[in-house]
Amino acid sequence: MLECCYDNVLRNKMMSSRFGQIMGSDVTLLNDYKREFFWKRFPQTVLGGLHFKLGYCAPPYIYSNQITLFLMPWIFGGIGTVLYQLHVLEDYYTAVLSGCLMLIASSIVQMVSKCARPMVNKSARLKAVTVERNQSILMDEDEFIFAGCADPETITFIIPGKMFIVNFVFHSILAGAVCGLGTWYLLPDRLTSLYDNIGGTVIVFVFGWITVCIGEYSLIIKTPTESATFQAQDKYEMIALTRPLYIFAFIAVDLTDRFAANIPDLTQTNQVLHVIFLFLPLLWAIGILPPLDAFLLWGMEQFLQFCLGGSPLSTYRRLFILFFTSLGASVATYFIPSVIGAVLFMTGMGFILSLDFSQVTSFLKSWKNRKPSKYTNFPTSLGWQLGWKESLIYLIILSVALAEAGLLHSFVASSTSQTIVSYILISLLIITWTLKEIQCVYIICGLLRNPLFPKKTRTVDVFKEKQRRLVKAGVVRRILLNVVSPFAMIAFLSVDISLDNLQTASLCIGFSRAYRCLWQNTEAALLQMVIISIVRLATKNTDLMWWDSLGTGLQLLLVSLIQDRLFQLISKMKFALTLLITSWTEKKQRRKSTATLITLNILLFPLVVVIIIISTALSAPLLPLFTLPIFLVGFPRPVRFWPGAVGRAACTCPESVYYQQMIPSLLASLQTAFAMGSLGIPSPGSHFLCRFQDRLIWVLVLERGYTYISLNIKGLELQETSCHAAEAHRVDEVFEMAFEHVEHTRCCYINPYIGNVLIPCTMVPVKIYSDARNILSGIIDSHENLKQFKEDFIKVFLWILMHFCYKRSQPSDNSKDSLGHVRADVELLPEIPEQEESSTIVARTLKDPPEVYDDWSDDDDSFDFSATEKKAGINRTGQQTGVINSSASIPGSIETQSLQSYPEENHSTEGFYKVFGYGLPAVDKGKENDHLHSRNIPMVRFSSSYSNMLDIPEEWRSEPVFHLRSYNLAKSFPEDWYLFILNQFDMIKSEGKFSKILEELSKDKALLDTYSSLVQHCYFVLFGTGSTALSPNYIFRMYSRGIPWSVNQDWLTEKPELFHLAWKAFRYTVKLMVDKASFGPVEDYGELASYLEEYENDWYIGLVSESGWQEAVLEEKPYLFSLGHDAALGTYTGRVLTLQELLVQIGKLNADAVRGQWSNLSWELLYATNDDEERYSIQAHPTLLRNLTVQSADPPLGYPIYSSSPFHVPFF
């Protein structure tokens, strides 16, 4: 049922493309189809799977059968209850009888369903089905025609059955246990003893059995879709266990109260739970109670954080390992007989468990010499990877901590000593908190602008210079927080006199947590100890028995829990108020029902506050239904929120590489920002948003420990839709107001965007690509530039060719590098597909001069790459399978077909000679092949021995087939440029006889003729005769796809290295044309050579769509250039990426606003299946950043284009 969301949710990127004109009251929350579907599904969820509202007419026995199965547990329980009330059986025998009856009945029901399914399948295969289905998109929408009350199709409709035999057995046993214990739980005598009221007993008995029946029906008969959905798919039928296990939890409390000694508090709790038991169907329906997997993970996180002093973790495996390890350490403390031994054990284990053990795995992998990724460029400074330096530092800190704890507890333990340490802790808190506040652009929870923060800083150098004082303050804070504070807190705990009573379990848990927390989360632990110290100093002369009896450890645990829930309450209240106010103040969010909703929120304000308090107490998201001010309590989730591994999936695209490139530099900058306190206290579950140009980076804190945090980084889409652009524009406004500080002359002013979920924090320098896009009108279409283009190409190609030949003649290492580089680039060239039938050759004539062949069609799209490539029909491997496409024939010409295939060894133009008999030299019959192969490679003899170092490959000396010998390019060959290039080579400068060698090479006519001839041939293949006029269209097509088809094309394409060099020279010439138009003409050959050397070393000149572009980004090439064409505007564009260190703006998001919107997204798509492309909850909301928040969710509900695995960021 939930699988349909995978097909629909991938359209989320299109859902936000029509924002602006249809907001407000015109946007539906649920369309008619989804609304009807929802009101069919919701009653099933309430009743545990009863399918009463089918949407079509069904026989009465469908409903009667469901009701009978629904009431079956009550019937069996009623039998046992009657026998107990008649004093025939004892209460526990009654439970056994009811349970056995239910076990037998559930087994029979499952067996009947299992036997009916093969019959249905067989009848379907034989096309004799008596049930006809009209399939819809959703399984719940299937329409049935029922044949009989006990028909197999009817049985399988009512009782779908279990997928696994194990569940068949286990669920049946569990159903019997629930029925038996439920009978015991709801015995009238038991209820009367609890409430001493007949009316209350009757109500609890009736509605209690309804709850049991709902739980049993969902377990045995049909499991409904739960509104509290964590996993998108239920592979192992775990959802069926959710409701019965909650019933077991309530029964367990009652059993404890039955068999435990008389405990008034437990009895009162049991009375309250019996009342809550009646409302379980409602709690299941509205989704407050979490599924089992989410409840287990959430419970482990909460217990680990507040009872064991740990932190939420980035992976579930680490969560399980550290949970049981921490629990074992706390239990072991209880059994240590020596107090000093227990103190040392808690101190050591607290420090060790607060470290990042994931580094050990990385260390072992590196120790096994596993090579890192080719493009990995992460920082290698102290703390990034576990090594001997880090191990030595940890060992020293551990030794000092153990020595301090042991000595202080042995010799200085007293109340007076603890009071002195309390004053030290208060001073440390004030200093570190102040130093943290001044690091941010806004102070006092984002209310006022920090007058010490740098203003109007657009460049990195200026920002670093102005931030120098804050950096020094950050270093002081780092030392106080990471070194001084932990040892001061160890002193506070070690001198506590209550350590002498560690024999109690509560004190062991409390002190174990305290010794762990001071390392795991130093800022929070310092605040908690200061609160304890202030309370003690304030009540020094007052006797607080209940408070003092708790002990320091439990006091810290209680303060920690209150502190966490208080901060959550403030955050949730701010989120609720922001959503309520902006639903009216933002005109595009205003709906017809807005006034009514605001009025209801005001009238029901106490209820709204209760809902917020409940969600805070459970640490659950505050769910705004459809992101309207209709608040519900979402079910508790882990801090990571989404199931599955972190970074396991993303909607990757070519643009993802820009985020991948910037990650190492961003992490290094985040390390400094977190260590200085510029980003506040990075508690797990915190969200940050980074902004640079069109890039939006979403950062989630997964866990934290001593001197490290773990982050998940996501990159949002770069192609901005209207919704994305609207919210991104507001983000830019928020950051500009904070950092540019243009409109305010006062040094300290109130944040005008205080109600926004984004609070700016700081800017960090990051090595990142800046993106500049220009329109090349007036450059690429300039007649002068096009005329100069051919002359520039000759010079550029000659420079590239001579450098290639020189590197080729160098020692083997350099030669391999050079050739390997060329061959690697050749692989990136676009290939021309082979013809479907190699035996078919169709005649075509010339559209342009004799060397170029193209399509005669009038509807030719000059920019349709695929169409043009199909016209060529040439295999770049050098083997011709089909020379000419039938689509290229002249209208009215005769199509000539050859049924024979040509041998592979024949020349590439053999087919051409066989087709075109006119206009070619006369050849004797039977000597065609001799004519084709008569062009021998000429022999060259150099007059200088140094010429061999510049000699071209022998196979490059052949001439094209249709070379126009009358056309003499040698007259325009730049001999002076040729001599200038010779003068630049190291082999000449390295010799002592510079002038003599240069004279020999310059007089070597054979070498010059070799280059002149090769340049002439390539020029001829690319441009034809000198009279051929270039056009912007021709330049773009050449730049994008290489050489257009011509009869001489094979001469060049059969030489991949030469082909690549010619194409690269063409692209370099395009870039040179743009640079000359932008920076002025080239003055001399030295400047031209400087341009070309820069292109060769620092630039990637190609297309954005090429894989080489992405590789260049990952290799951090300083500059990248691409030529493009805007078909809509008819303009040519140039795109330049420049790698440089630039300022990235970072702000902190309201974590509860993010979790609340994610909860609604999960509910809408997984339960309501609301995948409407224009739904209200995905439209732009500049204050809540609703569209960006939806994008940042994990796939398949969200669509970030990049999502990282957990990153370890140290604080050293």
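Check the entry above for the structure.
What counts and how
- Residues numbered from 1 in each chain as written.
- Predicted model: local features only at pLDDT ≥ 70, side-chain atom pairs only at ≥ 80, totals over all residues.
- Heavy atoms only, no water.
- Helix = DSSP H or I, 4+ residues; strand = E, 2+ residues; numbered from the N terminus.
- Buried < 20%, exposed > 50% of the residue type's maximum accessible area, 1.4 Å probe, protein only.
- Contact = heavy atoms within 4.5 Å.
- Areas by Shrake-Rupley, 256 points an atom, 1.4 Å probe, with all protein chains shown as cover.
- Salt bridge = Lys/Arg side-chain N within 4 Å of Asp/Glu carboxyl O.
- 1 Å grid on protein atoms, 1.4 Å probe; cavity = no way out; pocket = protein on both sides within 12 Å on 5 of 7 lines; lining within 4 Å.
- Points joined across faces, edges and corners; volume = space filled by probe spheres on them.
- Nonpolar A, V, L, I, M, F, W, Y, C, P; charged D, E, K, R; others polar.
- Phe/Tyr/Trp six-rings, centres within 6.5 Å; stacked < 30°, edge-to-face > 60°.
- Patch = residues over 30% accessible without salt bridge, like charges linked within 9 Å, V, L, I, M, F, W, Y side chains within 5 Å.
- Axes fitted to C-alpha atoms, helices over the stretch in contact; angles between N-to-C directions.
- Parallel < 35°, antiparallel > 145°, perpendicular 65-115°, else oblique.
- Left-handed = near helix turned anticlockwise from the far one by under 90°.
- Disulfide = S-S within 2.5 Å.

Participant: Go over the overall build of the protein, please, and point to the residues and values.
Facilitator: The helix and strand tally for the protein stands at 44 helices and 13 strands. Buried positions account for 55% of the 1212 residues belonging to the protein. Within the protein, counting contacts between residues at least 6 apart in sequence, those at least 24 apart form 77% of the total. Accessible area of the protein: about 53,100 Å², with a carbon and sulfur share of 61%.

Participant: Can you break down the pattern of salt bridges residue by residue, with the values?
Facilitator: All chains considered together, the criterion is met by 30 salt bridges. Put simply, Asp32 and Arg35 hold a salt bridge, and the shortest N to O gap is 2.8 Å. Taken together, the positions of Asp32 and Arg35, both in helix 3 (residues 32–47) and 3 residues apart, correspond to about one turn of that helix. What makes Asp32 exposed here is its relative accessible area of 58%. Arg35 sits in the partly exposed class, given a relative accessible area of 35%. Across the salt bridge formed by Lys464 and Glu1141, the nearest N and O atoms sit 3.4 Å from each other.

Participant: Residue-level account of empty space enclosed by the protein, with values.
Facilitator: Using the criterion set out here, one finds 14 cavities of 30 Å³ or more in the structure. A volume near 90 Å³ is recorded for the largest cavity. Together, Leu308, Ser326, Ala329, Ser330, Thr333, Phe345, Met346, Met349, Gly350, Leu353, Ser512 and Arg516 line the largest cavity. Contributions of two or more residues to the lining of the largest cavity are made by helix 14 (316–334), helix 15 (339–353) and helix 21 (505–520). A per-element tally of the lining of the largest cavity places helix 15 first, with 5 residues. Here the lining of the largest cavity is built from residues that sort into 6 nonpolar, 5 polar and 1 charged.

Participant: Please give an account of the packing of aromatic side chains that cites residues and values.
Facilitator: For the structure on display, the rule yields 54 aromatic pairs. Aromatic pair Phe38 and Tyr1167: ring centres 6.1 Å apart, planes at 85°, arrangement edge-to-face. Remark: Tyr1167 occurs in helix 43 (residues 1151–1167) and Phe38 occurs in helix 3; sequence separation between them is 1129 residues. Residue classification places Tyr1167 among the buried residues on the basis of a relative accessible area of 1%. With a centroid separation of 5.6 Å and an interplanar angle of 85°, the aromatic rings of Phe626 and Trp1163 are classed as edge-to-face. Of this pair, Phe626 sits in the loop between strand 3 (622–624) and strand 4 (631–633) while Trp1163 sits in helix 43; the two residues are 537 residues apart in sequence, bridging distant segments of the chain. Given a relative accessible area of 11%, Trp1163 falls into the buried group. Put simply, the rings of Phe38, Trp39, Phe42, Phe626, Trp1163 and Tyr1167 pair up and form one aromatic cluster.

Participant: Can you tell me about the environment of Pro1206, naming the residues and giving the values?
Facilitator: Considering the arrangement of structural elements, one finds Pro1206 in the loop between strand 12 (1202–1203) and strand 13 (1207–1210). Looking at Pro1206, the relative accessible area reads 28%, which means it is partly exposed. Put simply, Pro1206 and Gly647 are 559 residues apart on the chain and 7.4 Å apart in space, counted from C-alpha to C-alpha. Other than its neighbours up to four places away in sequence, Pro1206 contacts Ser314, Val646, Leu702, Ser710 and Leu711.

Participant: Requested: an account of a nonpolar patch on the surface, with residues and values cited.
Facilitator: There is a patch of nonpolar side chains on the surface, built from Met163, Phe164, Val166, Phe170, Tyr236 and Met238 and spanning about 670 Å² of accessible area. Among the residues examined, Met238 registers a relative accessible area of 42% and is labelled partly exposed.

Participant: Give a detailed account of the packing of helix 24 (residues 551–585) against helix 26 (residues 605–617), specifying residues and quantitative values.
Facilitator: Between helix 24 and helix 26, the shortest axis-to-axis distance is 9 Å and the interhelical angle comes to 140°. Classified by the angle between their axes, helix 24 and helix 26 sit oblique to one another. Classified by chirality, the crossing of helix 26 by helix 24 is right-handed. Residues Arg565, Gln568, Leu569, Lys572, Met573 and Ala576 of helix 24 form the contact with helix 26, whose participating residues are Ile612, Ile613, Ser615, Thr616 and Ala617. Here the residues of the contact of helix 24 with helix 26 are counted per class, giving 6 nonpolar, 3 polar and 2 charged.

Participant: I'd love a proper account of the state of the cysteines, names of residues and values included.
Facilitator: The full count for this structure, using the stated rule, is 0 disulfides. No disulfide involves Cys690; its sulfur sits 9.6 Å from the nearest other cysteine sulfur, which is in Cys761. With relative accessibility at 0%, the residue Cys690 sits in the buried group.

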